[in-house]
Amino acid sequence: LIEELKGTEGGRLVVAVASTVHYFAIRLLADFCKSYPKVRVNFKVTNRQGLLRMLEDNEVDTVLMGRPPEELDLVAEAFMDNPLVIIAPAGHPRVGEKGIRLEDLRNETFLMREQGSGTRNSVERFFAERGVRIVASMEMNTNGAIKQGVEVGLGLGLVSIHTVERELADGRVVILDVEAFPIMRQWYIVHRAGKRLTATATAFEDFVRSEAQRFVAPFNAILGAGQEAALGAV
Ligand code: PGA
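What counts and what doesn't
Residues numbered from 1 in each chain as written. Predicted model: local features only at pLDDT ≥ 70, side-chain atom pairs only at ≥ 80, totals over all residues. Heavy atoms only, no water. Buried < 20%, exposed > 50% of the residue type's maximum accessible area, 1.4 Å probe, protein only. Helix = DSSP H or I, 4+ residues; strand = E, 2+ residues; numbered from the N terminus. Contact = heavy atoms within 4.5 Å. Polar contact = N/O pair within 3.5 Å; in protein donor to acceptor, adjacent residues only side chain to side chain. Near = heavy atom within 4 Å. Areas by Shrake-Rupley, 256 points an atom, 1.4 Å probe, with all protein chains shown as cover. Domains from an automatic or database assignment. Core = buried A, V, L, I, M, F, W, Y, C linked by side-chain atoms within 4.5 Å. Buried area = accessible area lost by both parts, 1.4 Å probe. Salt bridge = Lys/Arg side-chain N within 4 Å of Asp/Glu carboxyl O. Phe/Tyr/Trp six-rings, centres within 6.5 Å; stacked < 30°, edge-to-face > 60°.

J.: Can you explain helix α3 (residues 48-56)? Please cite residues and give values.
T.: Taken as a whole, α3 has its buried residues at Arg-48, Gly-50, Leu-51, Leu-52, Met-54 and Leu-55. Looking at the packing, one finds that the buried side of α3 touches β1 (11-18), β2 (39-46), β3 (62-65), β4 (74-89), α4 (118-129) and β9 (183-192). Measuring from the side-chain oxygen of the N-cap residue of α3 to the backbone nitrogen of Gln-49 gives 3.2 Å; that N-cap residue is Asn-47. With its phi angle positive at about 55°, Asn-58 sits one or two positions after the end of α3.

Structure follows, in structure tokens:
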């Protein structure tokens, strides 16, 4: 079967990923396409709400996203951790401070993803559960805008660590050591229950399961020696 896929036939793959996933998913896809050069790929990037709609409308083979709602008839399998972190510009006064309390950030402006984003859902639930009200926030509908907003000093960002690997490595943004952070979520491979997956989609799902980890930097390395304690506490 694999030989067939690698041969002249190829096949078609429609894969949709969360905007937050595409940073590593595009690298994963590049490697997949090296092994399966004949596969014709349609790669869609949108937020959680958009992905759920595509699944409902049966427009995609496979989706990479946060945990889907239980009530939908989907097959979902976790394949990787997704830590959400608070990022600040390099010169922010709280950079380097240990164990910042959530209440101490109450008066900060937070750059938040739009309604319909999985990141946004989780962050809202997290703050609600702790009874913390964010006073000021600014909404931005891409992770890219949030990263740039943080860099230029518009506020603090609440993002998946997978969206900021490069900026962290360059020192353009820094992860704050805040109590109860990172918020630990997971990424899932999802398709409709009862859907007959094509050989190509099956090959892609297998590839994600076995290879995805190679395309993200280990987060304790990203968090840096000084912040491992915060991660260990989760
Ligand atoms: P999103 O990511 O925030 O880009 O919608 C999906 C998710 O986190 O579930």
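Following the structure, the description resumes.
J.: Just give me the short version of the site of the ligand, but keep the residues and values in it.
T.: The full set of residues close to the ligand is Ala-18, Ser-19, Thr-20, Asn-47, Arg-48, Gly-66, Arg-113, Ser-117, Gly-118, Thr-119, Arg-185 and Trp-187. The backbone of Arg-48 places a nitrogen or oxygen atom 2.9 Å from an oxygen atom of the ligand. Within the contact set of the ligand, an oxygen atom lies 2.6 Å away from a side-chain nitrogen or oxygen of Thr-119. Protein coverage of the free-state accessible area of the ligand, which is 270 Å², stands at 100%. Of all elements in the fold, only α4 and β9 reach the threshold of two or more residues within the shell around the ligand. In terms of domain composition, the shell around the ligand takes at least three residues from each of domain 1 (2-80 + 186-217) and domain 2 (82-184 + 221-232).

J.: So what about the nonpolar core? Which residues, and what values?
T.: Judged by nonpolar contacts, the single largest core of 37 residues is most densely connected at Leu-64 and Phe-79. For this core, the secondary-structure elements that each account for two or more residues are β1, α2 (22-35), α3, β3, β4, β9 and α7 (199-211). Of the residues forming this core, the biggest block, 6 residues, is contributed by β1. By size, the runner-up hydrophobic cluster in this structure holds 18 residues, among which are Ile-86, Leu-102, Phe-127 and Leu-176.

J.: Talk me through the domain arrangement of the protein chain; I want residue IDs and the actual numbers.
T.: Entries for the protein chain in the domain assignment read domain 1 (2-80 + 186-217) and domain 2 (82-184 + 221-232). The distance between the C-alpha centroids of domain 1 and domain 2 comes to 27 Å. Both sides of the domain 1 and domain 2 interface together cover about 1,200 Å² of buried area, and 47% of this is carbon and sulfur. When residues of domain 1 are sorted by the area they lose upon contact with domain 2, Thr-20, Tyr-23 and Ala-217 head the list and together hold 42% of the total. Scanning the region where domain 1 abuts domain 2 turns up 1 salt bridge. The closest approach of N and O atoms between Arg-27 and Glu-165, which form a salt bridge, is 3.8 Å. Viewed at the interface, domain 2 and domain 1 are joined by 9 residue pairs in polar contact (both at pLDDT 80 or more). Elements with a contribution of two residues or more to the side of domain 1 that touches domain 2: α2, α3 and β9.

J.: Before we move on, can you summarise the packing of aromatic side chains with the specific residues and values?
T.: Applying the stated criterion across every chain yields a total of 6 aromatic pairs. Aromatic side chains Phe-32 and Phe-204 sit 5.1 Å apart centroid to centroid with 90° between the ring planes, which places their arrangement in the edge-to-face category. Of the two residues, Phe-32 is situated in helix α2 and Phe-204 in helix α7; the sequence distance between them amounts to 172 residues. Judged on exposure class, the residue Phe-32 and its partner Phe-204 are both buried. Pairwise contacts between aromatic rings join Phe-32, Tyr-36, Phe-204 and Phe-207 into one cluster.

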